[in-house]
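One-letter residues, chain by chain:
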Amino acid sequence: MKFVDSCEVKVLAGDGGNGCVAFRREKYIPHGGPAGGDGGKGGDVVFVGDPGKTTLLDVQLTRRLAAEGGEPGRGKDQYGKGGPDLVVQVPVGTQGFDAETSALLFDVDAADKQVVIARGGRGGRGNIHFASSFDRAPRRAEPGEPGQQIQLRLELKVMADVGLLGFPNVGKSTFIRAISRARPKVADYPFTTLVPHLGVVGIDSDGGPATSIRRGQHIGASFVVADIPGLIPGAASGAGLGIRFLKHVERTRALLHLVTLDAGEGRDVVADFDALNAELRAFDPELAARPQVVAMSKGDLPEVREAWAKAKKKFARRKIDLKLVSAATGDGVREIVLALYSLVKKP
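Reading guide: rules and limits
What you see as residue numbers is a count from 1 along each chain, following the sequence as written. Totals for whole chains, interfaces and linings use all residues, but because this is a predicted model, local features are given only for residues with pLDDT of at least 70 and pairs of side-chain atoms are given and counted only at 80 or more. The side-chain quantities take in all heavy atoms of the structure and omit both hydrogens and water. Only Phe, Tyr and Trp rings take part, Trp by its six-membered ring, and two of them pair if their centres are within 6.5 Å. Stacked means planes under 30 degrees apart, edge-to-face means over 60, and tilted covers everything else. Each helix corresponds to a stretch of at least 4 residues labelled H or I by DSSP, and each strand to a stretch of at least 2 residues labelled E; elements are numbered beginning at the N terminus. Note on exposure labels: buried denotes an accessible area under 20% of the residue type's maximum, exposed denotes more than 50%, and partly exposed covers the range between, all computed with a 1.4 Å probe on protein chains only. If DSSP finds at least two bridges between two strands, the strands pair. pLDDT expresses how confident the predictor is about each individual residue, on a scale running from 0 to 100. In what follows, a contact means two residues having at least one pair of non-hydrogen atoms within 4.5 Å. Axis definition: a line fit to C-alpha positions, over the contact stretch in the case of helices; interaxial angles, taken between N-to-C directions, run 0 to 180 degrees. In plain words, nonpolar cores are sets of buried Ala, Val, Leu, Ile, Met, Phe, Trp, Tyr and Cys residues tied together by side-chain atoms within 4.5 Å.

### Things to note about the packing of aromatic side chains
Point 1. Applying the stated criterion across every chain yields a total of three aromatic pairs.
Point 2. Ring geometry for F223 against Y341: centres 6.2 Å apart, planes inclined by 25 degrees, an arrangement best described as stacked. Here F223 is found in strand β12 (residues 219-227), whereas its partner Y341 is found in helix α7 (residues 333-344), with 118 residues between them in sequence.
Point 3. Of the residues examined, F223 reaches a relative accessible area of 1% and is grouped as buried.

Shown next as C-alpha cells:
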C-alpha cells in the first residue's frame with residue numbers, strides 16, 4: 001500500500017433542511033392553522049482514529065468529504081429527517097490544519113478518538129413556530145442554515161515512544177527487525193527505508209526484551225519504536241528524505257541515535273553524531289533536547305569494535321555513554337532496549 005502522510009481535502013458538512021409552510025386541511029376542522037414542520041439538521045463530518053490505518057491514501061483519493069443535508073419539513077407538523085454524519089476513519093496521529101492560515105485545528109492522537117471537523121447546518125423552522133395572536137396563518141418559514149466548509153491540510157505524524165536516528169545504512173532497519181516484528185527492507189545501499197516503520201517492543205516478565213512475542217506469553221510492558229528514513233546533513237532544509245520524515249519523531253519521548261564506522265564514506269562517528277543533532281536543532285530545538293541513547297551498530301565487525309573503543313572515550317568526555325550493539329548477533333540489544341524503556345516509562 002502506498003504511504004501517504006500529507007494531503008489536502010475539502011470538507012463540507014450537510015446543509016440544514018428548509019422549514020415548511022403548510023396548513024391543516026382536515027374535515028370538520030375549519031381554519032386548521034399552520035402545520036409546516038422544521039427542516040432536519042445537516043450531517044456533521046467526523047474523523048475517528050483507527051489504529052489499523054497507517055496512511056492517508058484513502059482521504060487523498062477522495063479529495064472531497066461531504067455529509068448529507070437534512071430533509072425539508074413537511075405538512076401535518078412533520079419534521080424533516082436529519083442528515084447522517086459522515087464518519088471518516090483516519091490513522092492515529094493525524095493532524096488537521098487550515099489550508100489558508102496553517103492553524104492547527106485538531107489532532108487525532110488516540111485510538112477511537114472522535115473529532116467533529118465540520119458541523120452540519122441547523123434546519124429551518126416551519127410556519128408552526130410563527131403563529132401568534134396577530135397572525136393566525138403565517139406564511140413564512142426559515143431556510144436551513146448552510147453546513148460548515150473548510151479546506152484542510154492533513155498531516156500524519158506516527159505515534160511512537162522511541163524514534164531511530166542515524167545516517168543511511170547505519171543499521172536502523174536491522175535493529176528494529178531484531179527487537180520487534182516490524183519487517184522493513186534491509187539492503188546494502190543507502191535509503192532502503194523510504195517510509196516510516198513502527199515496531200512494538202515487548203518487555204517480558206523477566207525484564208528483558210521479548211523479541212519474538214508468542215501467543216500466551218506474559219508481556220510485562222511494551223513501547224513503540226519508529227524507524228524513519230536515514231538523515232543526511234541539510235535534512236532540515238530539504239536534503240535527502242529528512243525534511244519529509246523528521247516530523248514523524250516529533251511525538252517521541254526518547255531517541256535512539258545509531259552511528260557506525262563507514263570507511264568508504266570517510267566519515268567519523270563523532271562528526272556524524274554532531275551533524276544529525278544539528279539537523280534536529282534546526283528542525284525543532286525541543287526535539288533536539290529529547291533524551292537520547294547513543295549506540296554504535298554493527299558491533300560484530302572487528303573494525304567496528306576497534307573504532308568503538310576509541311570513540312567511546314571521545315563520547316565519555318561529553319558525558320555520553322556510547323554503547324555497542326550488533327543486531328545480527330543480538331549482543332547489546334537487551335541493554336539498549338532496557339535503557340530505552342527506562343526513558344519512556346517515566347511519567
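There is more to say after this.
### Considerations on the pairing of strand β9 (residues 162-165)
Point 1. Here β9 shows no split at all, with V162 and L164 on one side and G163 and L165 on the other all buried.
Point 2. Across four bridges, β9 lies against strand β13 (residues 254-259) in parallel orientation. Bridged to V162 within β13 is A254.

### Quick notes on the confidence of the model for the protein chain
Point 1. Of all residues in the protein chain, 82% attain a pLDDT of 70 or more, and the chain-wide mean is 82.
Point 2. No element of the protein chain has a lower mean pLDDT than strand β11 (residues 209-210), at 55, and none a higher one than strand β7 (residues 114-118), at 95.
Point 3. A low-confidence stretch, residues 184-194 stays under pLDDT 50, and its non-local contacts, those more than four residues away or across chains, total 30 contacts.
Point 4. Confidence drops under pLDDT 50 across residues 212-219; counting only partners more than four residues distant or on other chains, this segment forms 12 contacts.

### A few points about the sheet that holds strand β1 (residues 6-12)
Point 1. Reading across the sheet, the five strands line up as β3-β1-β8-β5-β6 and stay open at both edges, with mixed pairing between neighbours. A single partner strand is all that each edge strand has here, and the edge strands are β3 (64-66) and β6 (104-108). When the angles between neighbouring strand axes are averaged without regard to direction, this sheet yields 25 degrees.
Point 2. In the sheet, strand β5 (residues 94-98) pairs with strand β8 (residues 149-156) via five bridges, with the strands oriented antiparallel. When the sheet's bridge partners are listed, D98 is paired in β8 with L152.

### Some words on the nonpolar core
Nonpolar side chains tend toward joint burial in soluble globular proteins.
Point 1. Of all hydrophobic cores here, the largest spans 25 residues; its most connected members are F175, F223, V225, L256 and I336.
Point 2. Those residues within four positions of I336 in sequence are excluded, and the remaining contacts are F175, L256, V293, A295, K323 and V325.

### Considerations on unusual backbone geometry
Peptide bonds are mostly trans, and most non-glycine residues show a negative phi.
Point 1. At K76, a position not held by glycine, the phi torsion is positive, near 60 degrees.
Point 2. For K76, the location among the structural elements is in the loop between β3 and β4 (86-91).

### Focus: the pairing of strand β2 (residues 45-50)
Point 1. Among the six residues that make up β2, five are buried, leaving the element largely enclosed by the rest of the structure.
Point 2. Of the strand pairs in this sheet, β2 and β4 are connected by six bridges, and their pairing is parallel. Bridging from a neighbouring strand, G49 pairs with V90 of β4.
Point 3. Both β2 and β7 contribute to a ladder of four bridges, which runs antiparallel. Paired with V48 across the strands is Q114, a residue of β7.

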